[in-house]
Amino acid sequence: MTSLTYRDAGVDIEAGDALVDRIKPLAKSTNRAGTMGGLGGFGALFDLKAAGFTDPVLVSSTDGVGTKLRLAIDSGHHGGVGIDLVAMCVNDLVVQGAEPLFFLDYFATGKLEVAQAAEVVSGIAEGCRQAGCALVGGETAEMPGMYGKGDYDLAGFSVGAAERDTLLPKSDVGAGDVLLGLISTGVHSNGYSLVRRIVEAGNAGLNDPAPFAAGKTLGEALLEPTRIYVKSVLAVHKAGLLKAAAHITGGGLPGNLPRVLPAGTLAVVDGASWTPPAVFGWLARTGNVAAEEMLRVFNCGIGMVLAVAPEHVEAATEILREAGETVAAIGRIEAAAEGADASVRVDNLPAGWPLRP
C-alpha cells in the first residue's frame, strides 16, 4: 500500500507554516502595553498591570461576520471582512466601558490558500490597530470536505478590561438623557442574508457599478467595513460624560437600544434627525423593503448610540467630532410605565425613508 501523507488527505502543513510566517509581522504591528511574547506558543499572555489597570474587570466578546463572507468570497475582496471581524467584537466591549486589550481569530477553510488567508489576517491586524488592541494569536483550521473551493469561515474573540467603578451603563441613565447617534459607514456586518436576497431580486452583479457609490463596484460598496468606534467612545467615557452606549447591530435600533436602558424607560428616536447612507435607500427600493423592516434588520446609518446628560451634549459632541465621528442628536429617553421593559419608538420618519430627499 502507498504510504499516505497528511497532504494526500488534503491538509498542507507547509502552507500553514508559510501563513504563520506571513502574519507574524502583522501581529507584531498591533502590540500594545501589556502584550507579552509573540505568536507560536500554546497560549497568549497579557499583563494587566503593565496595561495600567489597578482594579480591573475583564470583559469578553466573540462574534463572526456572517453571510457578508459570501460576498467577500464571490467578489474576491477579503481584507475588509478582517476589519469587520474585529469591529463586531470590540464595539461590543466598548459599550460596557471596556478598553479592548487583545484579540484572537479563528480561520477555517477546506484548502488553505495562503494569499487569501493573509489578506484576511491583514484586515484583522488593521482592525486591531484601529481599536488599539493586540492580535495575540489565533487558529487556522484546514478541513477538507467541510468547505467548498475558496470558501472559509471566521470567528473572532476579544478581551477587554475596565476599572470596576467605570463599567457601563451607569446606574443613573434614564429619563431626560439625550441620545447621540454616530453615523455608520454603511450596512456594517448585519442583515447580509437579506442584502444578498435583494441583490438577487434586483438581478445585480457584484462587479456592476454601484448605483449609490461612484467609482465602486456593487461588491466593493457592499463590503465597506464596519466602523470601529472604540477610541472615540472611550474618549467621551474617560471625560466622564457617558452614561450608556449601544452598538447597533442585528435588530437595529429597536433591538439594541433597550439592552442598555433600565426598565420603565422609552427611547424616543427622531427619524428625521440623520440622513441614512445611500446604500440603505438602494436596498429599500430594490427589495421593496418596508421602513419598519429596514429599522428592524439594519443599522440604517446609526452604528452606535450614546446616552449623555443634556448639559454634556455639547462637550461630548465636540470630543466625538475631534475623534473623526459624524454625530447627530437623534432623540431622548423618556419615562414609561413603571416596571415596563425598556423600548424604542421611532417618530417622524420622512416620506419615502430611507431614500435621501
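Residues numbered from 1 in each chain as written. Predicted model: local features only at pLDDT ≥ 70, side-chain atom pairs only at ≥ 80, totals over all residues. Heavy atoms only, no water.

As recorded in an unreviewed UniProt entry, the protein chain goes by Phosphoribosylformylglycinamidine cyclo-ligase and comes from Roseomonas elaeocarpi. Under the UniProt heading Catalytic activity (unreviewed entry), the note attached to the protein chain is "2-formamido-N(1)-(5-O-phospho-beta-D-ribosyl)acetamidine + ATP = 5-amino-1-(5-phospho-beta-D-ribosyl)imidazole + ADP + phosphate + H(+)". (UniProt positions renumbered as here; feature names shortened; annotations may be inferred.)

(A) The arrangement of the overall build of the protein chain in detail. A count of helical and extended segments in the protein chain gives eleven helices and twelve strands. Rg of the C-alpha trace for the protein chain: 22 Å, near the compact-globule value of 21 Å for 357 residues, within the 12% margin. For the protein chain, the spread of C-alpha atoms along the three principal axes comes to 75 × 55 × 35 Å. Within the protein chain, the proportion of its 357 residues that are buried is 51%. Counting only contacts in the protein chain whose residues sit at least 6 apart along the sequence, the fraction spanning at least 24 positions is 85%. Of the accessible surface of the protein chain, which amounts to about 15,800 Å², a share of 52% is contributed by carbon and sulfur atoms. Averaging the coordinates of the 27 positive side-chain charges in the protein chain and doing the same for the 40 negative ones gives two points 2 Å apart. (Helix = DSSP H or I, 4+ residues; strand = E, 2+ residues; numbered from the N terminus. Rg over C-alpha atoms; globule rule 2.2 N^0.38 Å. Buried < 20%, exposed > 50% of the residue type's maximum accessible area, 1.4 Å probe, protein only. Contact = heavy atoms within 4.5 Å. Areas by Shrake-Rupley, 256 points an atom, 1.4 Å probe, with all protein chains shown as cover. Lys, Arg positive; Asp, Glu negative; His and termini not counted. Charge placed at Lys NZ, Arg CZ, Asp CG, Glu CD.)

(B) Summary view of the packing of aromatic side chains. Going through the model one piece at a time under the given rule, you end up with four aromatic pairs. Taking the centre distance of 5.4 Å and the plane angle of 40 degrees together, the rings of F46 and F102 count as tilted. In this pair, F46 sits in strand β2 (residues 45-46) while F102 sits in strand β4 (residues 99-109), placing the two residues 56 residues apart along the sequence. Residue classification places F46 among the buried positions, given a relative accessible area of 17%. Both rings, one in F107 and one in Y152, keep their centres 5.2 Å apart while their planes meet at 20 degrees; by these two values the pair is stacked. Of this pair, F107 sits in strand β4 while Y152 sits in strand β6 (residues 152-163), and the two are 45 residues apart along the sequence. Grouping residues by exposure puts F107 and Y152 together as buried. (Phe/Tyr/Trp six-rings, centres within 6.5 Å; stacked < 30°, edge-to-face > 60°.)

(C) Expanded view of the UniProt feature "domain: PurM-like C-terminal" (unreviewed entry) in the protein chain. According to UniProt, the "domain: PurM-like C-terminal" (unreviewed entry) feature falls on residues 175-337. A distance of 12 Å separates the end C-alpha atoms of residues 175-337, which is 34% helix and 20% strand.

(D) Examining the packing of helix α7 (residues 230-238) against helix α11 (residues 313-322) more closely. Running from N to C, α7 and α11 cross one another at 150 degrees; their axes reach a closest spacing of 9 Å. With respect to α11, the axis of α7 lies roughly antiparallel. Like other packed secondary-structure pairs, α7 and α11 cross with a definite hand, here right-handed. Contacts between α7 and α11 involve S232, A235 and V236 from the former and A316, I319 and L320 from the latter. Class assignment of the residues belonging to the contact of α7 with α11 gives a composition of five nonpolar, one polar and no charged. (Axes fitted to C-alpha atoms, helices over the stretch in contact; angles between N-to-C directions. Parallel < 35°, antiparallel > 145°, perpendicular 65-115°, else oblique. Left-handed = near helix turned anticlockwise from the far one by under 90°. Nonpolar A, V, L, I, M, F, W, Y, C, P; charged D, E, K, R; others polar.)

(E) Representation of the sheet that holds strand β8 (residues 244-247) within the structure. Read from one edge of the open sheet, six strands run β8-β10-β7-β11-β9-β12, paired in mixed fashion. Unpaired on one side and paired on the other, β8 and β12 (343-347) mark the two borders of the sheet. Averaged over all pairs of adjacent strands, the angle between their axes in this sheet comes to 25 degrees, without regard to strand direction. When strand β9 (residues 265-270) meets β12, the two strands line up parallel, connected through five bridges. Counterpart to A267 in the pairing with β12 is V344. (Pairing = 2+ DSSP bridges.)

(F) Quick look at helix α5 (residues 192-201). Of all the residues in α5, the buried ones are Y192, V195, I198 and V199. The arc that holds the buried residues of α5, viewed along the axis, is 110 degrees, so those residues lie on one side. Against the buried residues of α5 lie α2 (68-75), α6 (218-222) and α9 (278-287). Two residues or fewer past α5, N203 is found with a positive phi of approximately 50 degrees. (Arc of directions from axis to C-beta.)

(G) Representation of the pattern of salt bridges. Summed over the entire model, instances satisfying the criterion amount to 14 salt bridges. We note a salt bridge from E126 to R129, for which the minimum N-O separation is 3.1 Å. In this pair, E126 and R129 are both assigned in helix α4 (residues 114-131), three residues apart and thus about one turn of the helix distant. Its relative accessible area of 28% is what places E126 among the partly exposed residues. Note on R129: relative accessible area 34%, which makes it partly exposed. (Salt bridge = Lys/Arg side-chain N within 4 Å of Asp/Glu carboxyl O.)

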